[in-house]
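Listed below, chain by chain, are the residues.
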Amino acid sequence: MALAQAKTYTEDDYYNIPEDVRAELIDGQIYYQAAPGLLHQAISGELYTAINLYLKSIKGKCRVFSAPFAVKLFEDRKNIVEPDISIICNPDKLNDRGCAGAPDWIIEIISPGNPEHDYIRKLNLYKDAGVREYWIVDPRDEKILVYFFDQLDFRVETYTFQDKIKVNIYDDFWIDFRELNL
């Protein structure tokens, strides 16, 4: 007796999901997401604001986007994610549907229902896609993991909500979690 084969979904399937449904396409599989809670939204809003204010102050070419914002990581049509926060420094990657290619910096805020999604599945996906910096913010443990992927350097550093954290892709940008209104 033959085993049932899992359906492989494509970009077309992803874009046919109703707009009010949050989902991601990873390696041809659809992963549905629950609506974020209050603390998740507070962290996202505070980080978005801090990043946006910094980018405006330096008049840089980078842009910050918050979820839902589609990021098509590869041309293979099997991976479209919606990071909580995406920072894209190459305007040629932006289009009407979101971002085509790896953002420079991604922040994911852990949801209680599936932490392995951000800690394992997305970590490897983002590294392979060429994301330069990846932050995982875990509200339950009040910890932040900062991954810096560089051709010559791979680092991970752990911080708490009491720390001031250096943004590795910039020379002079720090985010002090004590100053965030959480």
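Note: the structure precedes this text.
Residues numbered from 1 in each chain as written. Predicted model: local features only at pLDDT ≥ 70, side-chain atom pairs only at ≥ 80, totals over all residues. Heavy atoms only, no water.

Trainee: Even after reading the chapter, I still don't get the pattern of salt bridges, so can you show me in this structure?
Mentor: Between side chains of opposite charge, pairing is possible as soon as their charged atoms come close. Applying the stated rule across the entire model yields 8 salt bridges. Between Lys122 and Glu24 there is a salt bridge, with its nearest N and O atoms 2.8 Å apart. In this pair, Lys122 is assigned in helix H3 (residues 115-129) and Glu24 in strand E1 (residues 23-26), connecting sequence segments 98 residues apart. For the pair Lys122 and Glu24, a shared accessibility class is recorded, and that class is buried. (Salt bridge = Lys/Arg side-chain N within 4 Å of Asp/Glu carboxyl O. Helix = DSSP H or I, 4+ residues; strand = E, 2+ residues; numbered from the N terminus. Buried < 20%, exposed > 50% of the residue type's maximum accessible area, 1.4 Å probe, protein only.)

Trainee: Can you walk me through the environment of Trp135 in this structure?
Mentor: Note that Trp135 resides in strand E10 (residues 133-138). Assessed through its relative accessible area of 0%, Trp135 is described here as buried. Counting along the chain gives 23 residues from Trp135 to Thr158, while the straight-line C-alpha distance between them is 9.8 Å. Beyond its immediate sequence surroundings of up to four residues, Trp135 is in contact with Trp105, Ile106, Ile107, Glu108, Ile144, Leu145, Val146, Ile165, Lys166, Val167, Ile175 and Phe177. Only 2.7 Å separates the side chain of Trp135 from the side chain of Glu133, close enough to count as a polar contact. (Contact = heavy atoms within 4.5 Å. Polar contact = N/O pair within 3.5 Å; in protein donor to acceptor, adjacent residues only side chain to side chain.)

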